Amino acid sequence: MTATLMNRKDQIREKALRDLQQFQVLMLDGHFDFGNGYHGQLYLNPHQLFRYPSTIWRFAQDLIDMLPASVLDETEVVAGPATGGALLAHTVAGLLDSRRAITGSPTIFAPFMVDAYRGPGLSRFYRQQLVGKNVLIVDDVRNTGQTLARCATIVRSADGKVIATAELYDRIEATTDAGAPNFALAEYKAPENFPADACPMCKAGLPITKF
Ligand SMILES: [Zn+2]
């Protein structure tokens, strides 16, 4: 990889972190009451990504710019877990085709339905779409990495090949590996949260951030 390309990707990543703050997806310097007895400085609201469809289109363009050429060339299916990951996957699949020759096969989209108890699942129709295909799995946010890993297991069980995973924002707290290269548009590790009765921001008299 050339130095120029590295710089360009660093620039895109820095800009994405600023954009996530501007669109209030990511709030980095507040004093948030999470309602579970803890206070902290960082609040993440993925719903803000999808409120205005143009927002997700912008971030999807930037995410595509972060992916290696091999992933862009080889992806045949873009899949993502409902709701945020599926909306992103749909957008990325469409945008990939806008950068490719019109004579090629159009990129397929596949949504994983997420059940609160059983986790992600894929309908029989979409499982059939994945057979023998190269699949890129995307999500809005990567927390523990477990959702992406489960989606990857489903793709493999449907005889698809996971060539990469990607997300708009990585909390850098992943403990589970999806078994494929992972690419993040933006990444930022949240500072420590505190029990409300031991919160240094409360002690300093900072008001709770309203949002
Ligand atoms: Zn506090």
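Scroll up to find the structure.
Residues numbered from 1 in each chain as written. Predicted model: local features only at pLDDT ≥ 70, side-chain atom pairs only at ≥ 80, totals over all residues. Heavy atoms only, no water.

Right, let's talk about the overall build of the protein for a bit. When helices and strands are counted, the protein shows eight helices and eleven strands. The C-alpha atoms of the protein give 18 Å as radius of gyration, which agrees with the globular expectation for 211 residues (17 Å, within 12%). Taking the principal axes of the C-alpha coordinates as reference, the protein spans close to 60 × 45 × 30 Å. Within the span of the protein, comprising 211 residues, buried residues form 44% of the whole. Nonlocal contacts in the protein, meaning residues at least 24 apart in sequence, comprise 67% of its contacts between residues at least 6 apart. (Helix = DSSP H or I, 4+ residues; strand = E, 2+ residues; numbered from the N terminus. Rg over C-alpha atoms; globule rule 2.2 N^0.38 Å. Buried < 20%, exposed > 50% of the residue type's maximum accessible area, 1.4 Å probe, protein only. Contact = heavy atoms within 4.5 Å.)

All right, on to the pairing of strand β9 (residues 161-170) then. Counting buried positions along β9 yields nine of ten residues, so the element is predominantly enclosed. Strand direction decides the pairing type here: strand β8 (residues 134-142) and β9, joined by eight bridges, are parallel. Each residue of the ladder has a partner; that of Ile137, found in β9, is Thr165. Traced from β8 through helix α7 (residues 146-157) to β9, the parallel crossover comes out right-handed. (Pairing = 2+ DSSP bridges. Right-handed = clockwise from strand over helix to strand, strands pointing away.)

It is worth spelling out the coordination of the zinc ion at this point. Around the zinc ion, the protein contributes the donor atoms His31 (NE2), His39 (ND1), Cys199 (SG) and Cys202 (SG), which lie 2.0 to 2.4 Å from the metal centre. The coordination sphere of the zinc ion comprises four donor atoms, whose angles at the metal cover 97 to 119 degrees; the geometry is tetrahedral. Every donor residue of the zinc ion comes from the same chain, spaced as H-x7-H-x159-C-x2-C. Of the two residues, His31 sits in the loop between β1 (26-27) and β2 (32-33) while Cys199 sits in the loop between β11 (194-195) and α8 (200-203), which places them 168 residues apart along the sequence. Each member of the pair His31 and Cys199 is classed as buried. (Donors = N, O, S within 2.8 Å, 3.2 Å for Na, K, Ca; no water. Tetrahedral: all angles 85-135°; square planar, octahedral: opposite > 155°, others 65-115°.)

Our next topic: the packing of helix α3 (residues 53-66) against helix α5 (residues 84-98). Their axes nearest at 9 Å, the elements α3 and α5 cross at an angle of 60 degrees. Between α3 and α5, the angle is such that the two are oblique. Between α3 and α5 the crossing geometry is right-handed. Of the residues in α5, those touching α3 at Ile56, Trp57, Ala60, Gln61, Leu63 and Ile64 are Leu88, Thr91, Val92, Leu95 and Leu96. Taken together, the residues that form the contact of α3 with α5 break down as nine nonpolar, two polar and no charged. (Axes fitted to C-alpha atoms, helices over the stretch in contact; angles between N-to-C directions. Parallel < 35°, antiparallel > 145°, perpendicular 65-115°, else oblique. Left-handed = near helix turned anticlockwise from the far one by under 90°. Nonpolar A, V, L, I, M, F, W, Y, C, P; charged D, E, K, R; others polar.)

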